[in-house]
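Read off the chains here:
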Amino acid sequence: MVAAGAVVVDGRSIERFSEGHLPGSISNVLRPTFATWVGWLVEPTRPIVFVLDDDQPRDEAVRQCLDVGQENLAGILTGGVEAWRASGRETRRIELVGPSDVRADLVDVRQANEFAAGHVPGAVNVELGSIAKTDVGPVPVTVMCGHGERAMTAASLLAALGDAADVLDGGPDTWSRARGLPLQTG
């Protein structure tokens, strides 16, 4: 299906996505904002194949997609990433890093008002919806958001373009507490 133009949307947690995912897949944790990001990042004409853990409700992913007009739902990867690996296919990783391992090139993918309210000094703001269309500068970069979900989505989009990125496990408050430094505003 991917060869025919389908996109793989991986709804598992960022930790599970980090451990291994299908090359080119988009991380988008199945949560209340799942549909918002599917609607923003996937063209409505592209078929969607889901990757979910066994305990995640398939009907919730479908309902949310239908709520935003995403009706070209092609299916789900039976057996998940484990079945993919067992068949001998390749998986990729995107590392989750702690505050002490954040790269100097830090991209914050939160919305502009969130960024202005408090961000890591030196971080560059590129909203998630624009990340695939923006030159983020020299790679590799560390990507961050408020908690990690949007950052992993952004990193997966960058990886699909061939750019290397890791993800801050947490947000600006995590960085500030760990470093004992204040966030910058404005």
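The structure contained in this document is the topic of the report that follows. (Residues numbered from 1 in each chain as written. Predicted model: local features only at pLDDT ≥ 70, side-chain atom pairs only at ≥ 80, totals over all residues. Heavy atoms only, no water.)

### Some details on the packing of aromatic side chains
For clarity, the cut-off: Each Phe, Tyr or Trp ring, with Trp reduced to its six-membered ring, pairs with another whose centre is within 6.5 Å; inter-plane angles below 30 degrees give stacked pairs, above 60 give edge-to-face pairs, and intermediate values give tilted ones. Helix and strand assignments come from DSSP, with helices taken as H or I runs of at least 4 residues and strands as E runs of at least 2, each series counted from the N terminus. Whether a residue is buried, partly exposed or exposed follows from its accessible area with a 1.4 Å probe, protein chains only, as a fraction of its type maximum: under 20%, in between, or over 50%, in that order.
Tallying each qualifying case throughout the model produces two aromatic pairs. Relative to Phe 50, the ring of Phe 34 lies with its centre 6.3 Å away and its plane at 40 degrees, an arrangement referred to as tilted. Within this pair, whereas Phe 34 is found in helix 2 (residues 34-41), its partner Phe 50 is found in strand 3 (residues 48-51), the two being separated by 16 residues in sequence. Here the two residues Phe 34 and Phe 50 agree in accessibility, since each one is buried.

### Examining the sheet that holds strand 8 (residues 141-144)
Worth spelling out the cut-off: Strand pairing is assigned whenever DSSP detects at least two bridges linking the two strands. In this description, contact between two residues means that some pair of their heavy atoms is separated by no more than 4.5 Å. Between N-to-C directions, angles span 0 to 180 degrees; the directions come from axes that are lines fitted to C-alpha atoms, helices contributing only their stretch in contact.
Pairing within the open sheet is parallel, and its five strands lie in the order 5-9-8-6-7. For this open sheet the edge positions go to strand 5 (96-97) and strand 7 (124-125), each flanked by a neighbour on one side alone. Of the strand pairs in this sheet, strand 5 and strand 9 (residues 165-168) are connected by two bridges, and their pairing is parallel. Bridge pairing links Val 97 to Leu 168 in strand 9. Relative to strand 8, helix 6 (residues 149-160) is tilted by about 140 degrees, and along the sheet it contacts strand 5, strand 8 and strand 9.

### Brief notes about the side chain of Ser 25
What counts is decided by this rule: In the analysis that follows, any N or O atom pair within 3.5 Å is treated as a polar contact, provided that within protein one partner can donate a hydrogen and the other can accept it, and provided that, for residues neighboring in sequence, both atoms belong to side chains.
Mapped onto the elements, Ser 25 comes out in the loop between helix 1 (14-19) and strand 2 (26-27). Of the residues examined, Ser 25 reaches a relative accessible area of 2% and is grouped as buried. Of note is the side chain of Ser 25, whose polar atom sits 2.7 Å from the backbone oxygen of Leu 22. In contact with Ser 25, not counting residues within four places along its chain, are Val 8, Phe 17 and Ser 156.

Shape is all these values report; function is a separate question.
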